[in-house]
Structure formats: structure tokens, C-alpha cells
Amino acid sequence: MEQESDFLTTLTAQLLCRATDGVARIPPVDHGTELDPFLLRLERYLPDLLDGMQRAYRSVEALAPWIEQLVDLMLAHHVQRPRELRLLDLQRALRPDWLQVPGQVGYVCYVDRFADTLGGVLDHLDHLEQLGVTYLHLMPLLRPRPGNSDGGYAVADYRAVDPALGTIGELEQLAGELRRRGLSLCIDVVLNHVAREHAWAVAARQGDVRYRRYFWVLPGRSQVEAFERTLPEVFPDFAPGNFTFDEEMGGWVWTTFNDFQWDLNWSNPEVLLEFADLILHLANLGIDVFRLDAIAFLWKRQGTDCQNQPEVHALVQTLRAVARIVAPAVAFKAEAIVAPDQLMQYLGRGAHHGKVSDLAYHNGLMVQIWSSLASRDTRLMTTALRRLPRKPSSCAWVTYLRCHDDIGWAVSDEDAAAVGLDGPTHRRFLGQYYAGLFPGSHARGEPFQVNRRSGDSRSSGTTAALNGLELALEHDNDELLQLSIERILLGHAVVMTFDGLPLIYMGDEIGMISDRSYREDPDRAGDNRWMHRPHMPWERVARRHARGTVEQRVFDGLRRLIAARKRTPQLHAATVVELLDSPPAILALARPHHLGRLTALFNFSETPQRMPLPPGAGPFDCIAERPVPIRVGQISLPPYGRVWLLAD
Ligand code: GLC
């Protein structure tokens, strides 16, 4: 079998060489403008672009000058697009599912925390390759404001890299090296706000009317209150309210997040043009995927929570069309941490189907994994996931267990009630459980943004800390250690089984515990999300090769899972997920596929569990690569056990 595949690889290479020689002998011809893909793509996507603008700004006629400018700037970027990236455009057009295939596995890290600089990241690519990573999300790296920059989400200059991390040239070099190694690069584009130090905000403060129109400035308290009535607060503890009075602006500036993050006014088409230009500029440096940060907040409408407004999707549709015309290799990833019924819009429903983002964070799955781990009960998870409408088959979820943000306990009252739980009580339980405040909790996280009235809180902490590794180390207890490692691997196994692109968060591959040193840094002390943004301790990473260490057990467990995922075609993101009935501690799901149905079972408890083998499931486990024992039609799962069973 292996020999045969070697033969095929060699034969393919020979045939491609032969064809390359043949093509090189074809005399150069004038291809003529009608064959320039730009024109073909403009013809194809201009209707989407115009439709998006029409929906966002109501009238396209009045926008004609902006649209002409937009076409000119697209053409300029098309001319500048490097040859290697044009080739990639063609390759990806031939593989439109490139982000959906099971071979894709992502990794997320901060440049400085992972490897100090962009050059350092280049030096550590072998670590990611050993793990099997094919997609790298580098956390905000464009030049932030000095001091507290909300982890880089307050950008002062989108055309420069943070000098502490490197230069634009180094970013381009890294993107090129990743591409040559078959990895793609994702970076954040922060669309909702800029740092108050950004040139646009500086010009606005200096009285430049053009730039003043880039922002929301309300003249008085009464206008602020009219909006505040229906607006939630994102950071009630350290940035209460949504507006900040600014002397120089002579009014209240819209600041949804921190007071130094100024919301942009997207009802001004000039802002759209700025970002179209920026996205194409970054795409031409070799960025593959843009994470659209805080995208839900883009459009403001009085009397609403100013999230998920229809214009948001229209604007993304326009930007997506712009990217498709100039740089079709590029994909969009929506960061919309919103209610399930709103979330699906970000993958394109109705008129926007297939026209907005290719990826969106599956916050609901992440929350439910942690909820089931705390309660040892998967009924809420199965119910909530069953209620989620089916995503478009051409898109993929971003599935993840942890990220740089806190976990907000987004469990709806309706889902909770459907399984006999009280929503507020369960949410409070989760906040307390993961802060280690609930009797018997194995977690060592911390509460984030506690709501004094309801007692609700969000949670901070690393995967390992929330899964009991810190507790096990405190007690020097092998049994607890084993259980925490199994929980870490179970969580990742679930994430790898769903219809998406799984992301591993930095340090989770070696079981990193939380880092409390942020408390010494005055710019960070007030924000405990820094406890789960640790520096990679490379001396500990080296222990992944020493048998029996925590690092080796977690790393090898994850590596094996990733390898298993890559050889399991059923995990393609276009394949539907069916949630099956199961005993309370087990999550059971199936991925029906033309190469055979895959049945996945996960034990969310520390006690062995049994269940009848679901119909259509065979005994062969693709993770362990061996058959599992079936006795009288029953399958047993060890504590936190997980299997991917192939059809008979
Ligand atoms: C996103 C980021 C978060 C940041 C916010 C404001 O939600 O994930 O870290 O605070 O946007 O940019």
C-alpha cells in the first residue's frame, strides 16, 4: 500500500515536471485583457459589492464617486499583487474547500509571548510542524498605542508592525516561509475601533472635519443616554459605559470597549474605503485569513444593542467581494461572540449566503464543552447544539477549547429549561466552578467582570488550570494529574470532531498552567485575561520528548489526535454533524459520509461509562487505530474516554 502511494507520488511529480517543460516551450502570446482574471472576477463579484453597498448605505447612486475610487484602488492592488500570490489565487479557486478539509489544524499565539519577535516565530515553526499545525493565527501585531493597548486591539497604525515584534518586511517574509511550508497565516483586522493615538483620531482632535466624520461624537449627555438605555457593557469593571467625554473633540466619543478604543463610524463610506485598501494591502503581503475582530459592533442604531445590525453583513459582503476580485486566495473569519440565532448570519444566511465570512467562532460549542466537563452531563450540550440551525455547507466553524479571551457563560435560559435547569443558576454555577469556588471543583481559574447584582461572572484561566492540572500539581497527586490530562485531551478531541477548523491555543499543547505575573504590570494588572496569555517556556517545551512528563503526555496525545483527524475524511467541515441520543455522561455524534459513517463517543466523567453501540457504528476506533471490545452490543468508555468509530 505504502509502496503504491510512493510510486504514485513519484509518478505525479514526473508528470508535472514533464508538463512544466512542455508549457515552458509554448511561445509567449499576448493574452489580451479579456483573459485577465481581474476583469472576470470583477464581472463575477461586482454585483455582490454593489448589493452590499446598497444595503448598507441605502442609495448606490449617491455613492458613485466612492465606487469609482474603490474600483481604481482594486485595480492598483491587482497590478501590485505578487506572482506567487496570484498562483495561490488560482490554486485556492481549484480547492474552494481548502479551510474545510480535515488536514487543517490551527494554532493561535501572541508573537512576543511565543517567540519574542516575528524572526523568533520563524525559528520555532518546527514545533508547530511537529504538532501537525497548518494554520497560524498571530494575535494583534500591527503597531498598537503605547501602554495598555487591550492586547494589541487598540491599533495606532495598521500599516506598520509593532516595532517590538519586527517590521512589515519581516511579516511578509514570515508569510512567504509559512506558504512554502504549506501553512497559512491569519492576522486580526480590527474594524470596529482604532486607538485614540491613530492618525485619524489625532486629526479629528485637531479639528479636521473629514476625520471627525470617521468617528461617533455625541454633543451632550442626553444623546449619550438615549443610546446607553439599550446598550450592554463589554467591560463593566474596568471600562464602564460606552462613551468617553473628550475635551478636544468637545463631545462624547463612542468607545464600546476601553476609553482609548474609538469606535469608527461605518455609516461613512470613506471608512469602508480605508479598510478595503488596508485589507488588500495586507493581502498582498501574503496574509491568508483576516480575523474580523468584534465585527458584530460595526453598525450603530439607537434603540438597539448596536450589535448584529443588518448593515454589518452588508458591509462584510462588500469587503468580501473586494477581496475576491483582487485576492481570491484570502478568507474571512468572523469574530462574533453573539447569541446562537444571530451567529449563523455571519456565515451567510438568506441574501448573504456564500458572500460573507468563510469561518466563524463556535463560541456555543466551546461553552458547552466546559459546561459538560463541570456537570459531567452532556444533556444541555446535546440540546443546545441540536437547536442550532445548520451552517452553510461551504463554511466551517472555528472550533476551540480556549482562546485569549475570558469564557462568557453563554447558556440560554431556553436551552437550560429544556433540560430542567434554571439558566441563571447554571451560569452562576459555571462561573463559580471555574473560579474553584464550588465544592469539589478541580478548576483554578478566576472570575472576570463579576456582575454584583446577578452574581454572574465570566472566567479566566488556561485550559490546564481549568481542567485540574494546577490542583493536581499543588497536591502532587498522580491520579488527579492523569484525570486532568485526560480532560484536556477529551476537550480537544471534541473540538476536532465537529464541522470546523480546530484551533489550539498557545501553551495548551504542553499543559501550560496560568501565569499570574501580569499582576506586577500596571498596564495589565486590572485585566486577568493575562493569566491565560503566558510566555512559552521553551525549557518546558523541550520536555515534550521526555517520557512520562506532563508536557510529553499532553503533546503526544494532541499530536496523535491531529494525525488521526488528518486521516479521517469524515471530519470534512461540509459533512453534517448528527447529535445522537446517549446516556447523560456521554456525548454521541455521527458524521455521515460517502466513505462510511463515523460515530464519535466521549465520556465527560471520571467514571467508566457504557452504552449500546449506536446503529451503524463498527468496532474500529480511528484514534487508537485498533478495534475496541464490544460486549453484548455494549461499548465501554474509560474515564474521559473518546473514540471515533468507523462503520462496519
Ligand atoms: C475581541 C477580542 C478581545 C478585544 C475586543 C476589542 O473581542 O477578542 O480581546 O478586547 O475584541 O477589540
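## Regarding helix H13 (residues 310-326)
Helical geometry note: an α-helix holds 3.6 residues per turn, so side chains three or four residues apart project in the same direction.
Part 1 of the argument: In this model, H13 (17 residues) spans 25 Å end to end at C-alpha, consistent with the 24 Å of a helix rising 1.5 Å per residue.
Part 2 of the argument: Counting buried positions over the 17 residues of H13 gives 16, a clear majority of the element.

## Some points on the packing of helix H2 (residues 37-57) against helix H3 (residues 64-80)
Part 1 of the argument: Across the interface, H2 lies against H3 with an axial gap of 12 Å and an inter-helix angle of 145 degrees. Relative to H3, H2 is oriented so that their crossing is right-handed. Side by side, H2 and H3 meet where Phe38, Arg41, Leu42, Leu49, Leu50 and Met53 of the first sit next to Ile67, Leu70, Met74, Leu75 and His78 of the second.
Part 2 of the argument: Partitioning the contact of H2 with H3 into residue classes produces 9 nonpolar, 1 polar and 1 charged.

## Things to note about the packing of H3 against helix H12 (residues 269-283)
Part 1 of the argument: For the pair H3 and H12, interaxial distance at closest approach is 10 Å and the crossing angle is 10 degrees. What the angle tells us is that H3 and H12 run roughly parallel. Here Trp66, Gln69, Leu70, Leu73, Met74 and His77 of H3 come into contact with H12, specifically with Pro269, Glu270, Leu273, Ala276, Asp277, Leu280 and His281.
Part 2 of the argument: Residues of the contact of H3 with H12, tallied by class, amount to 8 nonpolar, 3 polar and 2 charged.

## Description of the domain arrangement of the protein chain
Part 1 of the argument: Domain boundaries assigned for the protein chain yield domain 1 (2-94), domain 2 (199-263) and domain 3 (572-646).
Part 2 of the argument: Once you take the C-alpha centre of each, domain 2 and domain 3 turn out to be 52 Å apart.

## Details of the environment of Met139
Part 1 of the argument: You can see Met139 is positioned in the loop between strand S2 (135-138) and strand S3 (142-144).
Part 2 of the argument: The sequence separation of Met139 and Val108 amounts to 31 residues, and the corresponding C-alpha distance is 7.0 Å.
Part 3 of the argument: Setting aside its immediate chain neighbours within four residues, Met139 contacts Val108, Cys109, Tyr110, Tyr153, Asp188 and His404.

## Examining the environment of Gly241
Part 1 of the argument: Checked against the element boundaries, Gly241 lands in the loop between helix H11 (221-228) and strand S8 (243-246).
Part 2 of the argument: Under the relative-accessibility criterion, Gly241 is labelled buried at 16%.
Part 3 of the argument: In sequence terms Gly241 and Gln261 are 20 residues apart; their C-alpha atoms lie 13 Å from each other.

## Some remarks on the site of the ligand
Part 1 of the argument: Around the ligand lies a shell of 13 residues, among which Asp150, Asp293, Glu335, His404 and Asp405 are the nearest.
Part 2 of the argument: Contacts to the ligand include Glu335, whose side-chain N or O atom sits 2.9 Å from an oxygen atom.
Part 3 of the argument: When isolated, the ligand has an accessible area of 310 Å², and the protein chains bury 94% of it.
Part 4 of the argument: Among the residues making up the shell around the ligand, the classes are represented as 4 nonpolar, 3 polar and 6 charged.

## What about the pairing of strand S4 (residues 155-161)?
Part 1 of the argument: Among the 7 residues in S4, 5 count as buried, and that is most of the element.
Part 2 of the argument: Across 3 bridges, S3 lies against S4 in antiparallel orientation. Counterpart to Arg143 in the pairing with S4 is Asp157.

## Re the sheet that holds strand S25 (residues 634-637)
Part 1 of the argument: On the basis of which strands lie adjacent, the open sheet formed by 3 strands has the order S21-S25-S24 and antiparallel pairing. The open sheet terminates on both sides in strands that have one partner only, identified here as strand S21 (609-612) and strand S24 (630-631).
Part 2 of the argument: Bridge count between S21 and S25: 4 bridges; the pairing is antiparallel. Among the inter-strand pairings, Met611 is bridged to a residue of S25, identified as Ile635.

## A short note on helix H23 (residues 550-566)
Part 1 of the argument: The terminal C-alpha atoms of H23 lie 24 Å apart, and with 17 residues this matches the ideal 24 Å at 1.5 Å per residue to within 8%.
Part 2 of the argument: Along H23, 12 of the 17 residues are buried, which leaves the element largely enclosed by surrounding structure.
Part 3 of the argument: Val550, Glu551, Gln552, Val554, Phe555, Asp556, Gly557, Leu558, Leu561, Ile562, Ala564 and Arg565 are the residues of H23 that are buried.

## Side note on the sheet that holds strand S7 (residues 217-218)
Part 1 of the argument: Reading across the sheet, the 3 strands line up as S7-S9-S8 and stay open at both edges, with antiparallel pairing between neighbours. In the strand order of this sheet, the two ends are held by S7 and S8, each with one partner.
Part 2 of the argument: Taken together, the 2 bridges between S7 and strand S9 (residues 251-254) define a ladder with antiparallel strand orientation. Note on S9: the bridge partner recorded for Leu218 is Trp252.

## A closer look at the packing of aromatic side chains
Part 1 of the argument: Following the criterion strictly, the structure yields 28 aromatic pairs and no others.
Part 2 of the argument: Between Phe257 and Phe297, the aromatic rings sit 5.1 Å apart at their centres with planes inclined by 70 degrees, giving edge-to-face as the arrangement. Highlighted residues: Phe257 in the loop between S9 and strand S10 (261-263) and Phe297 in the loop between strand S11 (289-293) and H13, separated in sequence by 40 residues.
Part 3 of the argument: On the basis of relative accessibility, which here comes to 10%, the residue Phe257 falls in the buried class.
Part 4 of the argument: A relative accessible area of 14% places Phe297 in the buried class.
Part 5 of the argument: Taking 5.6 Å as the distance between ring centres and 55 degrees as the angle between the ring planes, the aromatic pair formed by Phe429 and Tyr433 counts as tilted. Placement of the pair is Phe429 and Tyr433 together in helix H18 (residues 423-434), with a separation of 4 residues, close to one helical turn.

## Focus on the state of the cysteines
Part 1 of the argument: Taken as a whole and judged by the stated rule, the model has 0 disulfides.
Part 2 of the argument: In this structure Cys403 is a free cysteine whose sulfur lies 13 Å from that of Cys186, the closest cysteine sulfur available.
Part 3 of the argument: Residue classification places Cys403 among the buried residues on the basis of a relative accessible area of 15%.

Scoring rules and cut-offs
- Residues numbered from 1 in each chain as written.
- Predicted model: local features only at pLDDT ≥ 70, side-chain atom pairs only at ≥ 80, totals over all residues.
- Heavy atoms only, no water.
- Helix = DSSP H or I, 4+ residues; strand = E, 2+ residues; numbered from the N terminus.
- Expected span 1.5 Å × (residues − 1).
- Buried < 20%, exposed > 50% of the residue type's maximum accessible area, 1.4 Å probe, protein only.
- Axes fitted to C-alpha atoms, helices over the stretch in contact; angles between N-to-C directions.
- Left-handed = near helix turned anticlockwise from the far one by under 90°.
- Contact = heavy atoms within 4.5 Å.
- Nonpolar A, V, L, I, M, F, W, Y, C, P; charged D, E, K, R; others polar.
- Parallel < 35°, antiparallel > 145°, perpendicular 65-115°, else oblique.
- Domains from an automatic or database assignment.
- Near = heavy atom within 4 Å.
- Polar contact = N/O pair within 3.5 Å; in protein donor to acceptor, adjacent residues only side chain to side chain.
- Areas by Shrake-Rupley, 256 points an atom, 1.4 Å probe, with all protein chains shown as cover.
- Pairing = 2+ DSSP bridges.
- Phe/Tyr/Trp six-rings, centres within 6.5 Å; stacked < 30°, edge-to-face > 60°.
- Disulfide = S-S within 2.5 Å.

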